[in-house]
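# Remarks on the overall topology
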Amino acid sequence: MIFMALMTAAQYEESLRKMNMEVYLFGKRVECPVDDPIIRPSLNSVKMTYELAQKPEYQELMTVISPLTGERINRFAHIHQSTEDLKNKVKMQRLLGQKTASCFQRCVGMDAFNACYSTTYDMDKALGTNYHEKLVTFLKYCQEKDLTVDGAMTDPKGDRGLSPSQQADPDLFLRIVERRENGIVVRGAKAHQTGIVNSHEVLVMPTISMTEKDVDYAVCFAVPVDTKGIKIIYGRQSCDTRKLEDGMLDRGNPKFGGHEALVVFDDVFVPEERIFMCGEYQFSGSLVERFAGFHRQSYGGCKVGVGDVLIGATALIADYNGTKKASHVKDKIIEMVHLNETLYACGIACSSEGHTTPAGSFEIDMLLANVCKQNVTRLPYEIGRLAEDIAGGIFVTMPSEADYNSPIVGKYVEKYLKAVATVPTYDRMKVLRLIENMMLGTAAVGYKTESLHGAGSPQAQRIMISRQSNLEMKKQLVKDILDIK
């Protein structure tokens, strides 16, 4: 069944073909990103967000009735209306991680929408602006068209010890370079942009709390990804050129993947109706904190789903290696499950403890969201270490698929990489390659490294945990118990 305001996976792919993005990979412009073999697996991951939304069994997780349009929409374009919405977001992200074993790229846009929604409302109430109305109009457009939106926050930042306005090169933070009657012109770049080549629109936000001196850097807006002046430089990933080779084995995860990019805004014009902050530096900090909170909640879902796949691959390779009955292997797999479910518990907890905002939307518990992400910066590394331990060293020393198919040496690969006699050697090799890909290859970007740096590096969460920890209240508890005045 196809619902209104929901694209099919095929329609989504066709919509990207109609765009004219300026994408560069290995120094050359990509003629058709949709068909490029290096980019294609990341497209397949986003397609899964459209495919599952069409399936009745996933309707409650993947879709929701929009309070803005009254139609059923993809949850990735939704403004959270309850703690149930917040929990369903995390459950949806876990499901997609399980289905793709990779980053499915639409979370950043969803989190950007929700952060901008409450922030623009607060701005309008305090300053008499009309940003919220413009944002809602844009949001309804994205809901009705079922668009994928890339959230863009992280600037290159230059010298981390200097503010945006103090940089030797003023473009190292994205800024307004010209104000016109009908809009603005912006210049700069956004780094680590997840899934932008697979997106229709980009929603840009400031990356840090600004001061009055940084007024030109306090800007939030949205434009189509193929707007003139936007240049996308596709990020390299370990083992990415394996996707150009014949066969599927050495790709590890042959169907799915993610991507990041450096996105240059070379004097891009933004029309007035797409501007949601234009110099209101006082609200840049709250926008950044809200987005970070929502995105740190997200990691309690997506990384858990990918972790489910890694745990499954580890248990399967134990079967194939003949070690599944070893007590230490059983105990290590139990530990992997324990750590993974701990991450999920944090994602659900910060959602369950969510609260309503003055705008009417729902926001996560900020402290618990930061605790969630702090755990994500650590536990996936231990889960991965245990997976590598159980897999054995062969997962990084194994010959290639070409060797397996070789008329000369193939028989030796088949013979000497055999473990359990009833398990085909090729099947064992496929599982080992998947583990390698998730730990060291293209998927490692979406699991290990993204777990550390995505939504802010570990220190960013520790700063927020410190702000939210309410130590004075905790000290007062002691005083009350001990009758200290």
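Residues numbered from 1 in each chain as written. Predicted model: local features only at pLDDT ≥ 70, side-chain atom pairs only at ≥ 80, totals over all residues. Heavy atoms only, no water.

With that out of the way, let us pick up the overall build of the protein. A tally of regular secondary structure across the protein gives 17 helices and 14 strands. For the protein, the C-alpha radius of gyration of 24 Å lies close to 23 Å, the compact-globule estimate for 485 residues. C-alpha extents for the protein along the principal axes are approximately 75 × 70 × 50 Å. Counting the 485 residues in the protein, one finds 56% classified as buried. (Helix = DSSP H or I, 4+ residues; strand = E, 2+ residues; numbered from the N terminus. Rg over C-alpha atoms; globule rule 2.2 N^0.38 Å. Buried < 20%, exposed > 50% of the residue type's maximum accessible area, 1.4 Å probe, protein only.)

The next subject is the packing of helix 7 (residues 284-321) against helix 14 (residues 425-440). Relative orientation of the contacting elements helix 7 and helix 14 amounts to 145°, with a least axis distance of 10 Å. Two packed elements cross with a definite hand, and for helix 7 against helix 14 that hand is left-handed. Within the contact between the two elements, helix 7 uses Val-306, Val-309, Leu-310, Ala-313, Thr-314, Leu-316, Ile-317, Tyr-320 and Asn-321 and helix 14 uses Asp-427, Arg-428, Val-431, Leu-432, Leu-434, Ile-435, Met-438 and Met-439. (Axes fitted to C-alpha atoms, helices over the stretch in contact; angles between N-to-C directions. Left-handed = near helix turned anticlockwise from the far one by under 90°. Contact = heavy atoms within 4.5 Å.)

So, about the pattern of salt bridges. Any two side chains of opposite charge can pair if their charged atoms end up close together. Taken as a whole and assessed by the stated rule, the structure comprises 30 salt bridges. Note that Arg-40 and Glu-13 form a salt bridge whose closest N and O atoms lie 2.9 Å from each other. You can see Arg-40 sitting in helix 2 (residues 40-53) and its partner Glu-13 sitting in helix 1 (residues 9-17), a full 27 residues away along the chain. Of the residues examined, Glu-13 reaches a relative accessible area of 12% and is grouped as buried. The salt bridge partner of Arg-290 is Asp-122, with a shortest N-O separation of 2.8 Å. Placement of Arg-290 in helix 7 and of Asp-122 in helix 5 (residues 107-127) is noted, with a sequence separation of 168 residues between them. Asp-122 carries the same exposure label as Arg-290, and that label is buried. Through salt bridges with shared partners, one network takes in Glu-13, Arg-17, Asp-35, Arg-40 and Lys-47. (Salt bridge = Lys/Arg side-chain N within 4 Å of Asp/Glu carboxyl O.)

Attention shifts here to the side chain of Ser-42. On the secondary structure map, Ser-42 appears in helix 2. Polar side-chain contacts of Ser-42 include one of 2.6 Å to the backbone oxygen of Ile-39. (Polar contact = N/O pair within 3.5 Å; in protein donor to acceptor, adjacent residues only side chain to side chain.)

Sequence positions flagged by UniProt for "domain: HpaB/PvcC/4-BUDH N-terminal" (unreviewed entry) are, in local numbering, residues 8-277. End C-alpha atoms of residues 8-277 are separated by 33 Å, and the span's content is 30% helix alongside 21% strand. (UniProt positions renumbered as here; feature names shortened; annotations may be inferred.)

Compared with an ideal rise of 1.5 Å per residue, which puts 18 residues at 26 Å, helix 4 (residues 83-100) spans 26 Å between its outermost C-alpha atoms and is within 8% of the ideal. Counting buried positions along helix 4 gives 13 out of 18 residues, so the element sits mostly inside the fold. At the N-terminal end of helix 4, a side-chain oxygen is found 3.3 Å from the backbone nitrogen of Glu-84, two or three residues along, and the residue is Ser-82. At the C-terminal side of helix 4, Ala-101 shows a positive phi close to 55°. (Expected span 1.5 Å × (residues − 1).)

On to empty space enclosed by the protein. For the structure shown, the criterion picks out four cavities of 30 Å³ or more. Put simply, the largest cavity is a space of about 60 Å³. Together, Ser-102, Cys-103, Gln-237, Gly-257, Gly-258, His-259, Glu-260, Thr-442, Ala-443, Val-445, Gly-446 and Glu-450 line the largest cavity. In the lining of the largest cavity, the residues fall into three nonpolar, seven polar and two charged. Residue assignment places the lining of the largest cavity across two domains, with domain 1 (9-280) and domain 2 (286-476) each supplying three or more. When its residues are assigned to classes, the lining of the second largest cavity shows three nonpolar, six polar and two charged. (1 Å grid on protein atoms, 1.4 Å probe; cavity = no way out; pocket = protein on both sides within 12 Å on 5 of 7 lines; lining within 4 Å. Points joined across faces, edges and corners; volume = space filled by probe spheres on them. Nonpolar A, V, L, I, M, F, W, Y, C, P; charged D, E, K, R; others polar. Domains from an automatic or database assignment.)

For the rest of this paragraph, the subject is the packing of helix 10 (residues 379-391) against helix 15 (residues 442-453). In contact at an axis separation of 9 Å, helix 10 and helix 15 are set at 155° when each is read in the N-to-C sense. The angle between helix 10 and helix 15 places the two elements in the roughly antiparallel class. With respect to the hand of their crossing, helix 10 and helix 15 are arranged in left-handed fashion. In contact with Pro-380, Tyr-381, Ile-383 and Glu-388 of helix 10, helix 15 contributes Tyr-447, Lys-448, Thr-449, Ser-451 and Leu-452. (Parallel < 35°, antiparallel > 145°, perpendicular 65-115°, else oblique.)

Here we come to the domain arrangement of the protein. One can read the domain layout of the protein as domain 1 (9-280) and domain 2 (286-476). Inter-centroid distance (C-alpha atoms) of domain 1 to domain 2 is 24 Å. With 53 residues of domain 1 in contact, the opposing surface of domain 2 contributes 49 residues. Interface of domain 1 and domain 2: buried area, both sides summed, is about 4100 Å²; carbon and sulfur atoms make up 64% of it. (Buried area = accessible area lost by both parts, 1.4 Å probe.)

With that out of the way, let us pick up the sheet that holds strand 5 (residues 149-152). Each strand in a sheet pairs with its neighbour through backbone hydrogen bonds, running either in the same direction (parallel) or in the opposite one (antiparallel). The four strands are arranged 5-8-9-12 in an open sheet whose pairing can be described as mixed. Pairing within the sheet leaves two strands with one partner each, and these edge strands are strand 5 and strand 12 (275-278). For this sheet the average axis-to-axis angle between neighbouring strands, irrespective of direction, equals 20°. With three bridges joining them, strand 9 (residues 219-224) and strand 12 adopt antiparallel strand pairing. By the bridge assignment, Val-219 is partnered in strand 12 with Cys-278. (Pairing = 2+ DSSP bridges.)

This next bit is on the sheet that holds strand 10 (residues 230-234). Strand order across the open sheet formed by six strands is 2-1-10-11-7-6, with mixed pairing between neighbours. Since the sheet does not close on itself, it has two edges, and those belong to strand 2 (28-29) and strand 6 (175-180), each with one partner. Alignment of strand 7 (residues 183-190) against strand 11 (residues 261-271), held across seven bridges, turns out to be antiparallel. Its bridge partner being in strand 11, Ala-189 is matched across the sheet by Val-264.

Considering the arrangement of structural elements, one finds His-132 in helix 6 (residues 131-145). Of the polar contacts made by the side chain of His-132, one reaches the side chain of Thr-120; its length is 3.0 Å.

A few words now on the pairing of strand 5. Side chains Val-149 and Gly-151 project from strand 5 onto one buried face, and the interleaved Asp-150 and Ala-152 project onto a second face that is buried too. Strand direction decides the pairing type here: strand 5 and strand 8 (residues 201-204), joined by four bridges, are parallel. Directly across from Asp-150, in strand 8, lies its bridge partner Val-202.

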